[in-house]
Amino acid sequence: MRLLDFQTALGRLVRAPDGGDPLRTLDLGADDRSRLEALAESPGFRFTVGVQRSWCIRRAANAGYMTLSILPDNLRRRLLDEWTNSGGGTSSFFATEAEALLDFIADRLPHPSHELTACRLEQAALRANEIAARFRAPDLDRLDNARCVVRRGRYAAIVLFYGEPDLILGALLEHRPHPPVLAETTAVLFGPGLDRLYRPASGSEVTLWKRLTAPVAIPVLRREGYRRDVIETMLRAGAVEYA
Amino acid sequence: MGFPYIAELPAKLYRSGSVDFVEVTPETLCRQRTAGTGGALEIVEDRVDRAREICGALPMVVHGVELSIGSAHGWNAAYLDMLDAFQASWPFVWHSEHLGFQTIPGEDGASLEVGVPLPLPPTKEAVALVADRSAAIARRYAVPFLLENPAYYIADLPCDPEIGDDIGLIAAILDRSDGCLLLDLHNVYCNAVNHGFDPFAAIDRAPLNRVVEIHVAGGSPRDGFWMDGHNGRVPERVWELLEYTLPRARHTAGVVFEVLDEFAPRLGAEAIVEQLGRIRDIWTRRRAA
């Protein structure tokens, strides 16, 4: 058996030992296939899978610590199982793992819900924190250039709370009954240039954030009525950046 | 006597006189950029600055985990790009990696992490692949490159009779690449316990003339196996292996007590210093012998 075929087969078997037929798309002869199937039944292989699973769950549990800690036990266990069964938890890099895991969890939480808000909050805080130490506010004079284009900051977010943020977070973290999910929202801005990485977002900032789903030229924004001082404030916060 | 750099431990441990050199895993001082960069690794300057401040003037060696030197579909080029920059900012005395693989090609051709290091089969193809890569790395960094013998739990890997087993594999690779060995005695012990062979006989068969560094570590029993957990004190049997090996591996330049970041604070600085002291005692006695 070629080394590449053996490694691909073994790696797939370890990642998804019970997930269908991991060898199906590999060009293996009958002898090689039966040898790999026998290997996958061996105690050493099963132990290796157990080690892999425990490492993946540990990485994931660290990466989504706050969100996972506020979820009910059965939901937390189910999400971790689904995540590791789908190949999650394999990255050694915390930020990479956290970003992907929290997206995965967010896709599986009700919208709107306080749990989803907490998930997005953790993701936003981790993202902003990742470059906060070396963040430098950009040169605002570039806004005078007619060809200047801006976009949402890649390490920024606006998180919506469906109610009073302190009440919601307090209830979630202390496992108390949750306040109702209100129609009225409070927006919180996260950015690497902010003192504590977050602060309440103004209505103008929320509007600009929504407008920047794709990069937009500054003259276009100005024609549409977006104020320069709002753009400048968000640039300094790292919530908007030059494209 | 060496010890890994662990940010969570008190800085005074590295200035206590118990540690003569520090082993750094540079990936722990990096972050991975994802968007459009092919997984590029970026050194986080403030983490490196803190590590250098804590380690002071101690000599530093690199012990990598992310290269996946044995992956037939390609090694982790992003790791080597990062290491180029790392060496320029903080030169290392030597550089080591684990013999194994942890990435495979995905269905779309992109590299997939397995999530755990896996052993290479003892075949001529594996020897050629890793030996040529090892030689290239030694040329690239102009410092000794060491391969570490791994712990493995899967038996009956495909093999070529002329290579034989894991000891034959690493010996053949080092012979072809003229490389150096990081002999992990706890890994030898794990494999001996789990696969039922004599660890002293295995050491006798290892290319001891190529040993530059030795690792000792702790482990624990789990599900009928002895697990390479790096989670505590060194077992007595591994101390015996160190006593046995040191007089036979005459080019050994250092012995490292390995413990994982998450277990080190629980083990505590006092126990770490005690384990390092025991290494120093054996080193002094057995090197003189």
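Structure: see above.
Scope of this entry: the structure provided in the associated data block. Note that the structure is a prediction, hence the values are computed from the model and not measured.

Analysis parameters
- Residues numbered from 1 in each chain as written.
- Chains lettered and ligands numbered in written order.
- Predicted model: local features only at pLDDT ≥ 70, side-chain atom pairs only at ≥ 80, totals over all residues.
- Helix = DSSP H or I, 4+ residues; strand = E, 2+ residues; numbered from the N terminus.
- Rg over C-alpha atoms; globule rule 2.2 N^0.38 Å.
- Contact = placed C-beta atoms within 7 Å.
- Nonpolar A, V, L, I, M, F, W, Y, C, P; charged D, E, K, R; others polar.
- Buried ≥ 20, exposed ≤ 12 C-beta atoms within 10 Å, placed from the backbone.
- Pairing = 2+ DSSP bridges.
- Right-handed = clockwise from strand over helix to strand, strands pointing away.
- Expected span 1.5 Å × (residues − 1).
- Arc of directions from axis to C-beta.
- Axes fitted to C-alpha atoms, helices over the stretch in contact; angles between N-to-C directions.
- Parallel < 35°, antiparallel > 145°, perpendicular 65-115°, else oblique.
- Core = buried A, V, L, I, M, F, W, Y, C linked by C-beta atoms within 7 Å.
- Left-handed = near helix turned anticlockwise from the far one by under 90°.

Some words on the overall build of chain A
Argument step 1. Along chain A, the regular secondary structure elements total 11 helices and six strands.
Argument step 2. Taking 18 Å as the expected radius of gyration for a compact globule of 243 residues, we find that chain A reaches 23 Å, considerably beyond that expectation.
Argument step 3. On the principal axes, the C-alpha backbone points of chain A span a range of 70 × 50 × 30 Å.
Argument step 4. Contacts in chain A between residues at least 24 apart in sequence constitute 69% of all its contacts with a sequence separation of at least 6.

Some thoughts on the interface of chain B and chain A
Argument step 1. At the interface, 32 residues of chain B touch 34 residues of chain A.
Argument step 2. Of all the secondary-structure elements, those providing two or more residues to the side of chain B that touches chain A are β3 (30–32), α1 (45–55), β7 (101–105), β8 (111–118) and α3 (124–141) of chain B.
Argument step 3. Tallying contributions element by element places β8(B) first for the side of chain B that touches chain A, with five residues.
Argument step 4. When its residues are assigned to classes, the side of chain B that touches chain A shows 15 nonpolar, seven polar and 10 charged.

As for the pairing of strand β6 (residues 95–98) of chain B
Residue and element names in this part refer to chain B.
Argument step 1. The alternating pattern of β6 places H95 and E97 and S96 and H98 on opposite faces, both of which are buried.
Argument step 2. As defined by bridge partners, strand β5 (residues 60–63) adjoins β6 across two bridges and the pair is classed as parallel. Note on β6: the bridge partner recorded for H63 is S96.
Argument step 3. Regarding the hand of the β-α-β motif, the stretch spanning β5, helix α2 (residues 77–89) and β6 is right-handed.
Argument step 4. Bridge count between β6 and strand β9 (residues 145–148): four bridges; the pairing is parallel. Bridge pairing links H98 to E148 in β9.

Side note on helix α1 (residues 3–15) of chain A
Argument step 1. Here α1(A) spans 18 Å end to end across 13 residues, near enough to the 18 Å set by a 1.5 Å rise per residue.
Argument step 2. Burial within α1(A) is extensive, with 11 of its 13 residues counted as buried.
Argument step 3. Taken residue by residue, α1(A) has L3(A), F6(A), Q7(A), T8(A), A9(A), L10(A), G11(A), R12(A), L13(A), V14(A) and R15(A) as its buried positions.
Argument step 4. In this structure, the buried residues of α1(A) make contact with α2 (30–39) and α3 (43–63) of chain A together with β7, β8 and α3 of chain B.

Here's the deal with unusual backbone geometry
Excluding glycine, a negative phi dihedral is what most residues carry, and trans is how most peptide bonds are arranged.
Argument step 1. The step from H111(A) to P112(A) runs through a cis peptide bond, and the omega angle for that step is 0 degrees.
Argument step 2. Among the structural elements, P112(A) can be located in the loop between α6 (94–107) and α7 (114–132).
Argument step 3. Phi is positive for D156(B), close to 60 degrees, though the residue is something other than glycine.
Argument step 4. Note that D156(B) resides in the loop between β9 and α4 (166–177).
Argument step 5. Overall, the presence of 12 C-beta atoms within 10 Å leaves D156(B) in the exposed class.
Argument step 6. Although it is not a glycine, D223(B) sits at a positive phi angle of roughly 50 degrees.
Argument step 7. Looking at where D223(B) falls in the secondary structure, it is placed in the loop between β12 (220–222) and β13 (225–227).

Structural notes on helix α9 (residues 203–211) of chain A
An α-helix turns once every 3.6 residues. As a result, residues three or four positions apart point the same way.
All names here are of chain A.
Argument step 1. All of the buried residues in α9 are E205, L208 and W209. Summarising the axial view, the buried residues of α9 lie within an arc of 100 degrees, below the 170-degree limit, and thus occupy one face. Pointing more than 90 degrees away from the buried face of α9 are the exposed residues G203 and K210.
Argument step 2. Along its buried surface, α9 packs onto β1 (149–152), β2 (157–161), β3 (186–190) and α11 (228–237).

Brief notes about the sheet that holds β1(A)
Residues and elements named next belong to chain A.
Argument step 1. Judged by pairing direction, the sheet is antiparallel, and its three strands sit side by side in the order β5-β1-β6 without closing on themselves. The strands lining the two open edges of the sheet, one partner per strand, are β5 (216–217) and β6 (240–242).
Argument step 2. Both β1 and β6 contribute to a ladder of three bridges, which runs antiparallel. Counted as the bridge partner of R152 is V240 from β6.

Remarks on the packing of α3(A) against α6(A)
When two helices pack together, their arrangement is given by the angle between the helix axes and by the axis-to-axis distance.
All names here are of chain A.
Argument step 1. Direction vectors running N to C along α3 and α6 enclose 80 degrees, while the axes themselves pass 9 Å from each other. One element, α3, and the other, α6, form an angle in the roughly perpendicular class. Only F94, E97, A98 and L101 of α6 make contact with α3, whose side of the interface consists of R59, A60, N62 and A63.
Argument step 2. Residue classes in the contact of α3 with α6 are distributed as five nonpolar, one polar and two charged.

Points about the nonpolar core
Argument step 1. The biggest cluster of nonpolar side chains holds 98 residues, and the ones touching the most others in it are I170(B), L181(B), L185(B), V216(B) and F257(B).
Argument step 2. Here this core gets seven residues from one element, more than from any other, and that element is α4(B).
Argument step 3. Of all hydrophobic cores here, the second largest spans 43 residues; its members include L126(A), I168(A), Y198(A) and L235(A).

A word on the environment of D261(B)
Residue and element names in this part refer to chain B.
Argument step 1. Locating D261 in the fold gives a position in the loop between β14 (254–258) and α8 (264–267).
Argument step 2. Along the primary structure D261 and A7 are separated by 254 residues, whereas in three dimensions their C-alpha atoms are 7.9 Å apart.
Argument step 3. Excluding its chain neighbours within four sequence positions, the residues that come into contact with D261 are I6 and E8.

Describing the packing of α3(A) against helix α5 (residues 73–85) of chain A
Residues and elements named next belong to chain A.
Argument step 1. Taken N-terminus to C-terminus, the directions of α3 and α5 make an angle of 120 degrees; their axes are 10 Å apart at the nearest point. Between α3 and α5, the angle falls in the class oblique. Seen from above, α3 lies across α5 with right-handed handedness. Along the contact surface, α3 presents R53, C56, I57, A60 and A61, while α5 presents L80, W83 and T84.
Argument step 2. Its residues assigned to classes, the contact of α3 with α5 comprises six nonpolar, one polar and one charged.

With respect to the sheet that holds β3(A)
All names here are of chain A.
Argument step 1. What the three strands build is an open sheet, ordered β2-β3-β4; its pairing is antiparallel. If you trace the sheet from one side to the other, it starts and ends with β2 and β4 (198–200), each paired once. Ignoring strand direction, the axes of neighbouring strands in this sheet form an average angle of 30 degrees.
Argument step 2. The pairing of β2 with β3 spans five bridges and is classified as antiparallel. Considered in β3, the bridge of F161 is made with T186.

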